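# Chain and residue survey
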Amino acid sequence: MIYKRSSALFAEAQKVIPGGVNSPVRAFKAVGGDPIFVKRAKGAYLYDEDGNKLIDYIASWGPLILGHAFDPVVEAVKQRAELGTSYGMPTELETKIAELAVSMVPNIDKIRFVNSGTEACMSAVRLARGFTGRDKIIKFAGCYHGHSDSFLIQAGSGAVTFGSPNSPGVTQGTAKDTLLAAYNNLEEVETLLEANKEEVAAIIIEPVAGNMGCILPEEGFLEGLRALCDTHGTLLIFDEVMTGFRLAPGGVQELLKVKADLVTFGKVIGGGLPVGAFAGSKEIMSHLAPEGPVYQAGTLSGNPLAMAAGYTMLKHLNDHKEVFKSLEEKTAYLHKGLEAAMSTADMPWCINRLGSMISLHFTEEVKDFATAAKGNNDTFKKYYHHMLNSGMYLPPSAFESWFLNDALSYEDLDKTIEATAAFVKQ
Ligand SMILES: *Cc1c(COP(=O)(O)O)cnc(C)c1O
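Residues numbered from 1 in each chain as written. Predicted model: local features only at pLDDT ≥ 70, side-chain atom pairs only at ≥ 80, totals over all residues. Heavy atoms only, no water.

Under an unreviewed UniProt entry, the name given to the chain is Glutamate-1-semialdehyde 2,1-aminomutase, and the organism recorded is Robertkochia marina. Taken directly from UniProt, the Cofactor (unreviewed entry) text for the chain runs: "pyridoxal 5'-phosphate". As its UniProt record puts it under Catalytic activity (unreviewed entry), the chain is described as follows: "(S)-4-amino-5-oxopentanoate = 5-aminolevulinate". (UniProt positions renumbered as here; feature names shortened; annotations may be inferred.)

Here is the structure:
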């Protein structure tokens, strides 16, 4: 494949945009080479500026669960745009999408819409702090909750310590309120809660992790967190920005039957437009302005175009629950095929999957950030470029889940499996 025009466009972009991109992972730093500039997309396929056609396993990092330029969503946005693109006033549409979301997701009475997953997580934590009157939060190493200061904290040498900032610009003052634990390690969480009695406002977690590749919660882990939160008066926040409306209509709460106090959404809920949301019980959500004292706002929050896209997407998923089954079957098929292709490989590997989230790690077992990091190696980079040259657009990082979309055909999946088999042979 030729990427001449993409490379030229990247060179131009770098002159006026830091690193040439508006979100770092797009720059291909983790895999090397220049990023691909996309011209258009439809269904499961991307068409780039050089005229290449790629099978897309990212789907805009999750939102496009039904494929690119899904006709009903495109139509809804077009129609809505004619009526005005923003008002800064309430619309009936906002109530309609809120009612629909509340009816689909267990354990939530009220939902507030924002413009991104970052905003949703940042606001949910502020609400948890305002509600409990406590300052600290616990997060898990390798879980991503957007780029707000409190979340850019990484484990130092020991995970059970105060975090140190992961990025310049995050103050020590902020970092000290974020406590870190390893994913799937209940004892670490318990130790943190015991050592910080009546100080921890919330535990925030990706209930199925997707930002260190796909990692499943071990049996009893989420239930254990729920019990610890109840004991300590701490709120449990499920960050379902990736999993919400993807793993099940009601997300992980429905799928794994564990109740969260607050849930955050993004990605699928916007149908490809910038939308995030956070939701919870009436009691907790009533602390939010203007009903309560915890401030949160947004000029473009509830934007009519975004709400039209999101509503159309959620409505379609709610009316066609068979989509979740279809996605599960496609991803299981891919899982089996990749397993068969890898079985003769003379290298360590493992595949983690739940529903339509799947990742192939080039290391033996991945259950937390430390084990995921072992898969960020040369084999991954080689595999990435091999797949790209074979016409498959995978996430350009060993720390990202693949996101299947229902527009993918079995032929697309077969091509992906065959290309993987060819990689193993080489
Ligand atoms: C993508 C993501 C976010 C951040 O959402 P943005 O819309 O990129 O700000 C937060 N949490 C999780 C789990 C995500 O996958």
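Across soluble globular proteins, you tend to see nonpolar side chains buried next to one another. Residues Y57, F140, I205, F245 and L317 are the most contacted members of the largest nonpolar core, which totals 107 residues. Broken down by element, the residue count for this core peaks at 8 residues, all from helix 10 (residues 304-319). For L317, the contacting residues outside a window of four places in its chain are I65, L66, M104, F245, V268, V323 and F324. Counting 20 residues, the second-largest nonpolar core is a separate cluster that includes V114, I137, A202 and I237. (Core = buried A, V, L, I, M, F, W, Y, C linked by side-chain atoms within 4.5 Å. Buried < 20%, exposed > 50% of the residue type's maximum accessible area, 1.4 Å probe, protein only. Helix = DSSP H or I, 4+ residues; strand = E, 2+ residues; numbered from the N terminus. Contact = heavy atoms within 4.5 Å.)

Attention shifts here to the UniProt feature "modified residue: N6-(pyridoxal phosphate)lysine" (unreviewed entry) in the chain. As recorded in UniProt, the sites labelled "modified residue: N6-(pyridoxal phosphate)lysine" (unreviewed entry) are K267. Relative to the helices and strands, K267 is located in the loop between strand 11 (262-265) and strand 12 (276-280). According to the relative accessible area criterion, K267 is partly exposed, its value standing at 25%. Ignoring sequence-local partners within four residues, the contact set of K267 consists of W61, G62, P63, V241, M242, G272 and V275.

In the vicinity of the ligand, the residues found are S116, G117, T118, Y144, H145, G146, E206, N211, D239, V241, M242 and K267. Y144 places a main-chain nitrogen or oxygen 3.1 Å from a nitrogen atom of the ligand. Burial of the ligand by the surrounding chains reaches 83%, relative to a free accessible area of 380 Å². Classifying every residue of the shell around the ligand gives 3 nonpolar, 6 polar and 3 charged. (Near = heavy atom within 4 Å. Polar contact = N/O pair within 3.5 Å; in protein donor to acceptor, adjacent residues only side chain to side chain. Areas by Shrake-Rupley, 256 points an atom, 1.4 Å probe, with all protein chains shown as cover. Nonpolar A, V, L, I, M, F, W, Y, C, P; charged D, E, K, R; others polar.)

The next subject is the sheet that holds strand 16 (residues 402-403). Ordered by their spatial adjacency, 3 strands build an open sheet running 13-14-16, and the pairing between neighbours is antiparallel. Two strands in the sheet have a free side with no partner beyond their single neighbour: strand 13 (350-354) and strand 16. Relative to strand 16, strand 14 (residues 357-361) is paired through 2 bridges, and the arrangement is antiparallel. Bridge pairing in strand 16 links I358 to W402. In the packing of helix 11 (residues 322-342) onto the sheet, the strands contacted are strand 13, strand 14 and strand 16, and the crossing angle to strand 13 comes to about 175 degrees. (Pairing = 2+ DSSP bridges. Axes fitted to C-alpha atoms, helices over the stretch in contact; angles between N-to-C directions.)

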